[in-house]
Amino acid sequence: HGILAVFVIYTRRSRKRTEPPLDKGNIPWLGHALEFGRDVAIFLTRMKKKHGDIFTVRVAGHYVTVLLDPNTYDDLLSDTKALDFKRYAQLLMQRMFSLNMPNHDPLTERAWMERHFQGPNLMQLCESMQNNLQLLFNATEAARNPLQWRQEGLFSFCYSLLFRAGYLTLFEVDRNDITQLTTVYDEFRKFDGLLSKLARSTVKKEERRVARCAQERLWELLSACWLGGGASRAQGNTWQQSYLQHLQSESVEQESQRRAMLLQLWVTQGNAGPAAFWLLGFLLTHPEAMRAVRAEIRSLQEQRHPLVSLQKNTPVLDSVLSETLRLRAAALITREVVQDKLLQVSGGREYLLRRGDRVCLFPFLSPQMDEEIHSEPEKFKYDRFLNEDGTERKDFFKRGMRMKYYNMPWGADGHMCVGRHFAVSGIKQFVIMVLTSLDLELCDQQAAMPSVDPSRYGFGMLQPISDMEIRYRLKPTRSY
Ligand code: HEM
Ligand code: U51
Ligand code: U51
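What counts as what
- All chains use their own residue numbering, which begins from 1 and follows the written sequence.
- Chain labels run from A onward and ligand labels from 1 onward, assigned in the order the entries are written.
- Only residues with pLDDT of at least 70 are given local features in this predicted model, and only at 80 or more are side-chain atom pairs given and counted; all residues enter the totals for whole chains, interfaces and linings.
- With hydrogens and water stripped out, all remaining heavy atoms of the structure feed into the side-chain values.
- Orientation is described by lines fitted to C-alpha atoms, with helices fitted over the stretch in contact, and by angles between N-to-C directions that extend from 0 to 180 degrees.
- To qualify as a helix, a DSSP run of H or I must reach at least 4 residues; to qualify as a strand, a run of E must reach at least 2; elements of each kind are numbered from the N terminus.
- An angle below 35 degrees is read as roughly parallel, one above 145 as roughly antiparallel, one from 65 to 115 as roughly perpendicular, and any other as oblique.
- Two helices cross in a left-handed way if the nearer one is turned anticlockwise from the farther one by less than a right angle. They cross in a right-handed way if the turn is clockwise.
- Whether two residues are in contact is decided by their heavy atoms: any pair within 4.5 Å suffices.
- For this scheme, ten residues count as nonpolar: Ala, Val, Leu, Ile, Met, Phe, Trp, Tyr, Cys and Pro. Four count as charged, namely Asp, Glu, Lys and Arg, and the remainder, Gly too, count as polar.
- Coordination partners: N, O, S within 2.8 Å of the metal, 3.2 Å for Na, K and Ca; water not considered, so apparent gaps in a site are possible.
- For a four-donor site, all angles between 85 and 135 degrees give tetrahedral; for four or six donors, opposite pairs above 155 degrees with the remaining angles between 65 and 115 give square planar or octahedral; all remaining cases count as irregular.
- What makes a nonpolar core is a set of buried Ala, Val, Leu, Ile, Met, Phe, Trp, Tyr and Cys residues whose side-chain atoms join them at distances within 4.5 Å.
- Exposed residues in this analysis have more than 50% of their type's maximum accessible area, buried residues have under 20%, and partly exposed residues fall in between, with area computed by a 1.4 Å probe over protein chains only.
- Helix span is expected to be 1.5 Å times the residue number reduced by one.
- Here, the arc refers to the directions that run from the helix axis to the C-beta atoms.

A. The packing of helix α6 (residues 106–117) against helix α12 (residues 239–249), seen in detail. In contact at an axis separation of 12 Å, α6 and α12 are set at 155° when each is read in the N-to-C sense. One finds that α6 runs roughly antiparallel with respect to α12. As α6 runs across α12, the sense of the crossing is right-handed. On the side of α6, the interface is formed by T108, E109, W112, M113, H116 and F117, while α12 contributes W239, S242, Y243 and H246. Residue composition of the contact of α6 with α12, by class: five nonpolar, four polar and one charged.

B. Broad picture of the coordination of the iron atom of ligand 1. With respect to protein ligation, the iron atom of ligand 1 binds only C417 (SG), at 2.3 Å. Viewed at the metal, the six donor atoms of the iron atom of ligand 1 are separated by angles of 85 to 178°, and the geometry they form is octahedral. Its place among the elements puts C417 in the loop between β11 (401–402) and α19 (420–437).

C. Looking closely at the nonpolar core. Counting 124 residues, the largest nonpolar core has F157, L265, F362 and F430 as the members making the most contacts within it. At 12 residues, the largest contribution of residues to this core is made by helix α9 (residues 154–170). Residue contacts for F430: discarding those within four places in its chain leaves L133, F157, C158, L161, L162, A276 and L280. Judged by nonpolar contacts, the second largest core, of 17 residues, contains L77, L83, L343 and Y351.

D. Looking closely at α6. The end-to-end C-alpha distance of α6, which contains 12 residues, comes to 16 Å, matching closely the 16 Å that a straight helix rising 1.5 Å per residue would cover. For α6, every residue scored as buried is listed here: P106, E109, R110, W112, M113, H116 and F117. The buried residues of α6 occupy an angular sector of 165° when projected down its axis, which confines them to one face. In α6, those exposed residues whose orientation departs by more than 90 degrees from the buried face are L107 and R115. Two residues or fewer past α6, G119 is found with a positive phi of approximately 75°.

Shown next, in the form of structure tokens:
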């Protein structure tokens with residue numbers, strides 16, 4: 001009876017006067033965990049209708065305060081004293097990557113990442129990415145058998161090429177054996193497919209075995225070049241080598257070094273491929289958008305822009321990319337409340353966030369899908385981020401107020417995506433390469449885009465529930 005009593009008292013949390021509305025759900029302890037896990041967007045939309053822009057829900061023993069008012073995001077995220085990034089990140093690292101790095105410091109890591117993915121080194125990475133994309137493209141069947149049509153799923157076409165090019169750019173690879181890239185990609189896809197279940201600890205026995213097996217395989221493949229006497233093959237100045245040295249300087253033990261490589265593989269390669277898929281998919285299903293993008297690339301080419309600078313003068317393609325990210329980038333930004341905190345939301349009301357709870361932002365719902373900010377938010381409008389005069393549109397309003405955040409695919413503030421410039425550059429290089437070198441069409445001209453896999457809300461770029469078949473062949477002459 002004692003235990004039961006404690007359990008009942010423990011679960012009988014009630015809302016204090018200054019706290020956000022509390023919704024515990026009907027199931028003891030679990031609360032809303034099942035609904036949360038099934039489809040975050042549907043669940044949080046329902047809660048928003050019921051409670052407004054801030055509320056607390058119970059999920060699997062935790063209390064999670066969800067904030068959906070973009071004007072308050074800065075205020076919340078900038079308070080790094082009251083909100084902790086590290087704890088939840090470590091929990092995820094443990095669950096998804098079987099990785100424990102107790103002394104690992106996210107701030108040092110971020111500073112280290114910035115040295116590679118921003119500033120002068122970025123240019124070099126982008127150039128190398130461009131070369132590797134071209135190299136792998138030239139090795140495809142389509143490039144080697146001109147005039148012959150090939151059929152493939154658009155998602156695997158995009159993901160496979162961008163993943164392998166990115167891998168070649170950042171990781172240690174034996175250049176005489178680039179078939180290894182395909183092995184890494186195939187194993188990664190198996191692992192990637194189980195990530196959302198791993199993150200929520202809902203893997204079944206057989207799935208756990210598959211995930212484990214792919215993990216082991218990948219740890220092996222990713223360390224082959226620098227452990228066990230492979231040093232002779234190593235070129236010595238790759239990003240991966242530098243990362244390894246960084247981990248060693250932080251005294252991370254060797255097994256964790258191995259495992260951290262898979263975390264980095266996911267962080268650096270898990271999003272660009274899916275983003276390119278959605279972008280090309282939207283173009284293929286919106287002919288007017290495709291025409292506008294092609295016209296832009298053609299006119300730049302007539303002005304004889306080299307392909308690299310071509311990337312900097314593409315307002316139409318940039319708008320298409322922003323619109324794609326608005327519709328399909330959906331990270332959950334989670335922090336742990338380590339000190340009680342008062343938060344003032346739009347309209348002036350103050351709410352108390354309780355120490356020990358989690359707080360969560362879901363920019364996908366607001367600002368990205370907020371109908372008060374974006375008209376017909378479900379619709380792909382290629383020129384949503386363009387002004388009449390062809391410049392980038394930056395003024396968006398909600399209830400008459402100009403919004404600082406009207407699209408937030410990269411998060412915000414101190415933990416904003418480090419790799420965003422690298423990601424954007426790779427996606428654009430890929431899209432331009434595909435559109436200029438290939439004749440590309442849907443197998444079924446009437447096909448609609450596959451819908452979103454709802455289990456992937458939270459992880460960054462969404463993925464489709466099924467693939468979409470395309471036909472393509474090398475263009476007889478390079479044209480735009
Ligand atoms: C963080 C999105 C690609 C590296 C983030 C965050 C978001 C995001 C929303 C913030 C997480 C938070 O605040 O909790 C995306 C999207 C991508 C993408 C939509 C592609 C379309 C990349 C790439 C890299 C990368 C290519 C690496 C080269 C990182 C890192 C962080 C991060 C290291 C953590 C930064 C920190 O904690 O300070 N990303 N990302 N991302 N991203 Fe990305
Ligand atoms: O809970 C959080 O705030 C982290 C959720 C982050 C979700 C997506 C962002 C990911 C992907 C890959 N996009 N950019 C990279 C970013 C990873 C951030 C590292 C955080 C550590 C997470 C440990 C599993
Ligand atoms: O995380 C648990 O302990 C239980 C999982 C229950 C399912 C969802 C809970 C949500 C909320 C927000 N609490 N923490 C965040 C969790 C979302 C997980 C989605 C995966 C995010 C992966 C980012 C890389």
